[in-house]
Amino acid sequence: MCGIAGIITSNTRNYTEEIQKMTRAIAHRGPDAEHHEFFENAALGHRRLSIVDLSETGKQPMFSNTSNECIVFNGEIYGYQEIKKNFADYPYHGSSDTELILAMYQKKRKNLLEILPGMFAFAIWDEEKQQLFCARDRFGEKPFYYAIGKNGEFIFASEIKAILASGLIEPKINNEALYHFLQYGYVSTYQSIYSNIFTLPPAHFLTYSNGNISVERYYEIPKNELGISLSDAKEEFTSLLKNAVQKQLVADVEVGSFLSGGLDSSTIVAMVNEFKDKQTTMSFGYSGGDSELKFADEIAAKYHTNHIEIYENRGDIAAELLKISPFFDEPFADMSYVPQFKICEAAARHLKVVLAGDVGDELFGGYSFYTVENQLKNHFSYNNILYKFGLKQFGKFRETSYLTKENIKHKNILDFHQNSVRNFFSSKEIAELGINAKYYQQYSFKANPHSLNDIMRTDLEKYVPGNMLVKSDRMAMANSLEVRTPFLDKDFAEFCIQLPENLKLDSENDKIILREAMGNYWTETIRNRHKQGFGSSVEKWFEEKSLMELSDDLLKNRSSKVYDFINFSTAQKYLNRDKKHWNLLQLALWADHTKQLIH
């Protein structure tokens, strides 16, 4: 796991200081080494976190055998040893997966992406073609940003802060991204918070040559549903998951696992046990809360893991926000980023690599709102104009149920999902705050507005790369830790995406396929569990004096930087110690942190 950076322009030796500033800005992504390579028209920089091939032959930027190509790579190519057999005629110098990408590029050029698994963001400079070829993994696990500098330079890096550190960009606010943040609490995976800094979306590649940028999609998530029985699905599910975990255990350092005691992390630990006699597991809990540690203890005992528990009192939340939020470079309002940072911080004292159970809810139908959407879809008034009209009239005189109200309010379950689930501000409220540049993300498929599976596909292309994987990457890398996500193994994820809805949830159960396939691997208590978060609530956090003082400093002061972007008077209406207040506070934290940069 690493940090990458580059500047493509003429006379790049004149940019030695700029490329060094870029890599130093992301030193946390790779504290083990820093290197740079210069061509006449390309400067490449790299920060290394040594995990595979710890020797000098794993060093980056890495030249190909001909020295015509040079790569900087962030990520892991799972199962690369097997793929290497198909490119055995390349004269390898070391044992890294980075070198395999160079071998594949020489033979297949952009078509290498069709068979390249894993999580990755990389850039290859082709000296003969005078072309830069960049790509990002299918689901968006690893980040990639780029921009055009003030003198026409093409600049790229793993994080926005590296691009800003170059001094070649004067960032401008992106009101579309601001709209998306106010609605959902994160910036879309297709944009950045700055209108002149861009993100390469997941499943896309970029070529830069002669001043021209071309961006293309190379992968779409599968749209079909499998016709498969439960017994066959269980067998295939287990086989694919074991294969995914086995591949992700490959490293030249110890690989541990996060263990929350939930269904997903318990499953990963159980699968690791198939391949390792002794594994290290990490759990985190706050004292005084509804802790999950007792569930984690059960799984740790069942599999005899080297179990490390981090159990701490809540610190000064205001101080923690000020310390942690700058790692995102953009406003980010997911409450769980503080505990995520803390467990990564603790894990990094013992490990360099951990497996996590992320994205299980999106693949297996685990969120409670999926269950609500299923109930909405099966409600007698769903998608029936006459019933809706009648119930609307009836509701003027009598109290109606939650499902009835939501069915009246929304056209379909996709409309409910996009405009009610995980929303902070409505379009009308955002307009009142002074933001009118609406943004609607594009998808690789046309969603059936009545399909639960398509809602899960929507989350896989929107929430997962825009929120979950950003949080995972930034909080882990802030602590020089690599987090791997076995559920996003291409073969396993594609299988789960295509499973019929009835193998994911029904009126009584969620995560049906996971419970059926993995139930015997858990303890009885965990088999009967349903989803639980970190046990925090916004309202509780706002009870802390330090947080309210921070909020007052940033949000009750007309001269705060945030009020360059939103309306002061309107914002005062939303300071009610709730989710909307939290959203505005995160925006204000970001604005204050970057106030020297944005004009």
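Before going into details, it helps to say that this report is about the structure given with it. Quantities reported herein were computed from a predicted structural model and do not represent experimental measurements.

Reading the values: rules and limits
- Numbers given to residues run from 1 along each chain, matching the order in which its sequence is written.
- Local features in this predicted model are restricted to residues of pLDDT 70 or higher, and side-chain atom pairs are both shown and tallied only at a pLDDT of 80 or more, whereas totals for entire chains, interfaces and linings draw on every residue.
- Computation of side-chain values: all heavy atoms of the structure, hydrogens and water removed.
- The rule is short: rings of Phe, Tyr and Trp, with Trp giving its six-membered ring, pair when the centres are within 6.5 Å, and they are stacked under 30 degrees, edge-to-face over 60, tilted in between.
- Burial classes: relative accessible area under 20% of the type maximum marks a residue as buried, over 50% as exposed, and values in between as partly exposed (1.4 Å probe, protein chains only).
- When the NZ atom of lysine or the CZ atom of arginine is within 6 Å of a ring's centre and also within 35 degrees of its normal, the charge is said to sit over that ring.
- Helix and strand assignments follow DSSP, with helices taken as H or I runs no shorter than four residues and strands as E runs no shorter than two, numbered in order from the N terminus.
- Starting at the helix axis, one direction is taken to each C-beta atom, and the arc is that of these directions.
- Only heavy atoms enter the contact rule, under which two residues are in contact if any of them lie within 4.5 Å.
- Definitions used throughout: a 1 Å grid over protein atoms alone; a cavity as a set of points that fits a 1.4 Å probe which cannot get out; a pocket as an open set with protein on both sides within 12 Å along at least five of seven lines; a lining residue as one with an atom within 4 Å of a point.
- Grid points are joined across faces, edges and corners, and a volume is the space filled by probe spheres set on the points.
- Three classes are used: nonpolar for Ala, Val, Leu, Ile, Met, Phe, Trp, Tyr, Cys and Pro, charged for Asp, Glu, Lys and Arg, and polar for all others, with Gly counted as polar.
- Note on pairing: DSSP must find at least two bridges between two strands before they are called paired.
- Between the N-to-C directions of two axes lies an angle of 0 to 180 degrees, each axis being a line fitted to C-alpha atoms and, for a helix, fitted only over the stretch in contact.

Next up on the list: the packing of aromatic side chains. Summed over all chains, the structure comprises 33 aromatic pairs. Here the aromatic rings of Tyr563 and Phe568 are separated by 5.0 Å at their centres, their planes lie at 80 degrees, and the arrangement is edge-to-face. In terms of burial, Tyr563 and Phe568 fall into one category: buried. Of the aromatic side chains, those joined through ring pairs into one cluster are Tyr105, Phe120, Phe122, Phe133 and Phe205. Its end group placed over the ring of Tyr92, Lys84 keeps NZ or CZ at 4.5 Å from the ring centre. The residue whose ring lies beneath Arg422 is Tyr367, and the NZ or CZ to ring-centre distance is 4.9 Å.

If you check which residues of helix H1 (residues 16–25) are buried, you get Ile19, Met22 and Thr23. Viewed end-on, H1 has its buried residues packed into an arc of 90 degrees, placing them on one side of the element. Buried residues in H1 make contact with strand E1 (2–8), strand E2 (33–38), strand E3 (42–48), strand E9 (154–157) and helix H4 (160–165).

Here we take up empty space enclosed by the protein. In this structure the tally under the stated criterion is eight cavities of 30 Å³ or more. Forming the walls of the largest cavity are 22 residues, and the residues nearest its centre are Tyr145, Glu330, Gly466, Val470 and Arg474. Looking at the lining of the largest cavity residue by residue, the classes come out as 11 nonpolar, six polar and five charged.

Those residues of helix H8 (residues 293–302) lying buried are Leu293, Phe295, Ala296, Ile299 and Ala300. Seen from one end, H8 has its buried residues packed into an arc of 155 degrees, which puts them on one side. Just downstream of H8, His304 is the residue with a positive phi angle, here 50 degrees.

Take the sheet that holds E3 next. The strand order across the open sheet built from six strands is E2-E3-E1-E9-E8-E10, with neighbouring strands paired in antiparallel fashion. On the outer flanks of this sheet lie E2 and strand E10 (197–199), each paired with one strand and no other. Here the strands of the sheet are splayed against their neighbours by 15 degrees on average, with no regard to which way each runs. Sheet analysis places strand E8 (residues 145–148) next to E10, joined by three bridges and oriented antiparallel. Each residue of the ladder has a partner; that of Tyr146, found in E10, is Phe198.

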